[in-house]
Amino acid sequence: MMRRKLVAGNWKMHGGLTQNAGLLDAVRDGMASMPDVDCAVCVPFPYLAQAQQKLSGSNVKWGAQDVHQSDKGAFTGEVSAAMLRDFGCSYVIVGHSERRAYYGESSHLVAEKFMAAQKAGLTPILCVGETLEQREGGVTEAIVAEQLDALIQLAGVQALRNAVVAYEPVWAIGTGKTATSAQAQEVHTFIRRRVASHDGQIASGLCILYGGSVKANNAAELFAMPDIDGGLIGGAALVADEFLAICRAGQI
Ligand code: 13P
C-alpha cells in the first residue's frame, strides 16, 4: 500500500515570537511547492495562535506537543483537546519519551490522552520507543508492545484508524545517533504486524513515523524503507532549510 509521507516538526520548548515568524513563513512558503507530502509543526502552547495565523489556508498543518486527558476541570496549568481545536490544531503529540521520562506519564495515561485528542477531532501522534538500556537488554519489542497495547486495550484497535504512531528510540533523540534505516524498519514492521494481528486493514493504512536525529542527509534513506511513512523531527525542525529538505525527501 502506498502511504503519503508525513513530516511533522516537534519544536519542543524552543522558539519565540520573532524567531517563529520567520520559520513559519519559510515553511509555509516552501511547502507550497510540495503538494505530495503532508507537513505539520507541533509548537509550544503559547504559539498556537501564531501558527494558526501564519499557516491557515496553507498546506502546513499545526498541532501541540501534549494535551490533558480530561475535557475540562480544575487542572491548573493544563490544556484540553477542545482548546487545541479552538486554535485550529490538527495534531497533538502524546506520550513523547520526554513526557514519559520527566513527568512520569504511564502508557495508560498516554492512552487516555490519545482518546481525549481523538474525541475532540484531533489526530494524535502516539510516541513509542525504547531506551538504550532496553535495546541492549533485548527488550525493544516488549517495550514498544506495552506502549502500543495500552492504547489498544483501552480504546480498541479502531482508535488507530485516524492516528499516527511515531517510533522514537530514546537513544536516538537529540543525540545525533540515528537508528539505521534497517533498525528503524525492523521496529516499524513489528508495530505494523502487531496492529495487523487485530485488524489488517487498519495496520496497512497506519502512518508510522520515525523520530530520532532525522536530518536532511539521512531522511531519504529512512523514508525509502517500506514501513517508514515519514518523520517526527526535533532539532532539524527549527531550521527552515533543513526541515524543508527533509520534507522534500518525503515526496513520492
Ligand atoms: P531530534 O530530531 O532532535 O533527535 O528529536 C526527535 C524527537 O524527539 C521528535 O519528537
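Right above here is the structure, for reference.
Since this is a predicted model, take the numbers as computed values, not measurements. In this numbering scheme, every chain counts its residues from 1 along its sequence in written order. Selection of residues for local features in this predicted model requires a pLDDT of at least 70, selection of side-chain atom pairs for listing and counting requires 80 or more, and totals for whole chains, interfaces and linings are taken over all residues. Excluded from the side-chain calculations are hydrogens and water; all other atoms, namely the structure's heavy atoms, are used.

(A) Expanded view of the sheet that holds strand β5 (residues 123–128). Around the barrel, which closes on itself, the eight strands sit in the order β1-β2-β3-β4-β5-β6-β7-β8 with parallel pairing between neighbours. With direction set aside, neighbouring strand axes in the sheet form an average angle of 25 degrees. Packing against the sheet, helix α2 (residues 48–55) makes contact with β2 (38–42) and β3 (60–64), and its axis sits at approximately 170 degrees to β3. Contact definition: two residues touch when any of their heavy atoms are within 4.5 Å. Every axis in this analysis is a line fitted to C-alpha atoms, fitted for helices over the stretch in contact. Angles between the N-to-C directions lie between 0 and 180 degrees. The helix and strand labels rest on DSSP assignments: H or I over at least four residues marks a helix, E over at least two residues marks a strand, and numbering proceeds from the N terminus. On the sheet, helix α5 (residues 107–119) packs against β4 (91–94) and β5 and is oriented at approximately 160 degrees with respect to β5. Strand pairing is assigned whenever DSSP detects at least two bridges linking the two strands.

(B) Here's a closer look at unusual backbone geometry. If you check the backbone angles, Lys-12 has positive phi at about 55 degrees while not being a glycine. Topologically, Lys-12 is positioned in the loop between β1 (6–10) and α1 (17–31). Throughout this description, buried means an accessible area under 20% of the type-specific maximum (1.4 Å probe, protein chains only), exposed means over 50%, and partly exposed covers the range between. Lys-12 sits in the buried class, given a relative accessible area of 18%. For Ser-213, which is not glycine, the phi dihedral falls at a positive 55 degrees. Take Ser-213: it is sitting in the loop between β7 (207–211) and α10 (216–223).

(C) Spotlight on the packing of helix α7 (residues 140–155) against helix α8 (residues 181–196). Relative to each other, α7 and α8 sit at 45 degrees, their axes nearing to 11 Å. Comparing their axes, α8 and α7 come out oblique. By crossing handedness, the relation of α7 to α8 is classed as right-handed. Contacts from Thr-140, Glu-141, Val-144, Ala-145, Leu-148 and Asp-149 of α7 reach α8 at Val-187, Phe-190, Ile-191, Arg-194 and Val-195. Each angle gets one of four labels, with under 35 degrees taken as roughly parallel, over 145 as roughly antiparallel, 65 to 115 as roughly perpendicular, and the rest as oblique. Two helices cross in a left-handed way if the nearer one is turned anticlockwise from the farther one by less than a right angle. They cross in a right-handed way if the turn is clockwise.

(D) How the structure looks around the site of the ligand. Throughout, the term near means that a residue has one or more heavy atoms lying within 4 Å of the molecule or strand in question. Close to the ligand lie Asn-10, Lys-12, His-96, Glu-168, Ala-172, Ile-173, Gly-174, Gly-212, Ser-213, Leu-232, Gly-234 and Gly-235. The definition of a polar contact used here is a pair of N or O atoms within 3.5 Å, where within protein one atom must be able to donate a hydrogen and the other to accept one, and adjacent residues in sequence count solely through side-chain atom pairs. Residue Lys-12 places a side-chain N or O atom 2.8 Å away from an oxygen atom belonging to the ligand. Here the ligand has 310 Å² of accessible area as a free molecule, and 96% of this is covered by the chains. Residue burial considers only the protein chains on display, and all accessible areas are found by Shrake-Rupley using a 1.4 Å probe.

(E) Here's a closer look at the environment of Trp-11. Assignment of secondary structure puts Trp-11 in the loop between β1 and α1. Taking the C-alpha atoms as reference points, Trp-11 and Val-43, separated by 32 residues in sequence, lie 5.5 Å from one another. Apart from the residues within four sequence positions on either side, Trp-11 is in contact with Asn-20, Leu-23, Leu-24, Val-41, Cys-42, Val-43, Pro-44, Gln-65, Ala-237 and Leu-238.

(F) Structural context of α8. The span you would expect from a helix comes to 1.5 Å times its residue count less one. For α8, with 16 residues, the first-to-last C-alpha span of 22 Å sits near the 22 Å given by 1.5 Å per residue. Those residues of α8 that sit buried are Ser-181, Ala-184, Gln-185, Val-187, His-188, Thr-189, Phe-190, Ile-191, Arg-192 and Val-195.

By themselves, these observations are geometric and do not establish any function.
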